Amino acid sequence: MQHPTLNDLIDYDRRELSPQQDALVYAHLLECASCIRIHERETRLIGALRSRLAAEERDLPGAVSLALLDRIAAPSPWWHRFTRPVVALPTAAALIAALLLGSGYLHHPKSPQLDASYFMQDHNALTHTTPFQSDAAVPAELASDTSGDAQP
Ligand SMILES: [Zn+2]
């Protein structure tokens, strides 16, 4: 057999070769010193990379990672859905509108109504007066209640 390629040696190490290819590489490694060196060098390199990767994965303690994953996966309480802006703003607007309508804030207070007869009596009283005349009689409608007793 020819010397296996580097990819063949890596696949051999990973046990990803077909049984025939695996047997050929195994038989070649038993008798070829240069391929044994290449295979050992690659095996050391892969081992170093794996240990380095494992060390970097330990930066975040597993308990913290698991706690975070549990927290993410846990269903949030029912009231949390109302804290999302998409839901919170229309809900707040609806609540404010309901409160305003319920409190009567938007209802105009009833304006005082004047009876039409008031205007008729007022007009009638004014037409019977003569302004700027000294002895002009003051109609009873325009006289105050207290002045009736004190007339000369
Ligand atoms: Zn070889």
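One can find the structure itself at the top, above this paragraph.
Let me begin by describing the structure that accompanies this report.

Definitions and cut-offs
Residues numbered from 1 in each chain as written. Predicted model: local features only at pLDDT ≥ 70, side-chain atom pairs only at ≥ 80, totals over all residues. Helix = DSSP H or I, 4+ residues; strand = E, 2+ residues; numbered from the N terminus. Buried ≥ 20, exposed ≤ 12 C-beta atoms within 10 Å, placed from the backbone. Contact = placed C-beta atoms within 7 Å. Expected span 1.5 Å × (residues − 1). Axes fitted to C-alpha atoms, helices over the stretch in contact; angles between N-to-C directions. Parallel < 35°, antiparallel > 145°, perpendicular 65-115°, else oblique. Left-handed = near helix turned anticlockwise from the far one by under 90°. Nonpolar A, V, L, I, M, F, W, Y, C, P; charged D, E, K, R; others polar.

Quick look at the overall build of the chain now. When helices and strands are tallied, the chain shows six helices and zero strands. Out of the 152 residues belonging to the chain, those deemed buried represent 4%. Restricting the contact set of the chain to residue pairs at least 6 apart, pairs at least 24 apart contribute 35%.

With that out of the way, let us pick up helix 4 (residues 62–73). Along its twelve residues, helix 4 runs 16 Å from first to last C-alpha, staying within 8% of the 16 Å computed at 1.5 Å per residue. Counting buried residues in helix 4 gives zero out of twelve residues, a small share hidden from the surface.

This brings us to the packing of helix 1 (residues 6–14) against helix 3 (residues 33–57). Remark: helix 1 packs on helix 3, axes separated minimally by 10 Å, with the N-to-C direction vectors making an angle of 60 degrees. The angle between the axes of helix 1 and helix 3 places the two elements in the oblique class. Crossing of helix 1 over helix 3 shows right-handed handedness. Contacts between helix 1 and helix 3 involve Leu6, Leu9, Ile10 and Asp13 from the first element and Ile38, His39, Glu42, Thr43 and Ile46 from the second. Split by residue class, the contact of helix 1 with helix 3 holds five nonpolar, two polar and two charged.

This brings us to helix 5 (residues 85–103). Its 19 residues give helix 5 an end-to-end C-alpha distance of 26 Å, which sits within 8% of 27 Å, the value for a rise of 1.5 Å per residue. Along helix 5, only zero of the 19 residues are buried, which leaves the element largely exposed.

So, about unusual backbone geometry. In this model, Arg15 sits at a positive phi of 60 degrees, which is unusual for a non-glycine residue. Of note, Arg15 is situated in the loop between helix 1 and helix 2 (19–31). On the neighbour-count criterion, Arg15 (7 C-beta atoms within 10 Å) is exposed.

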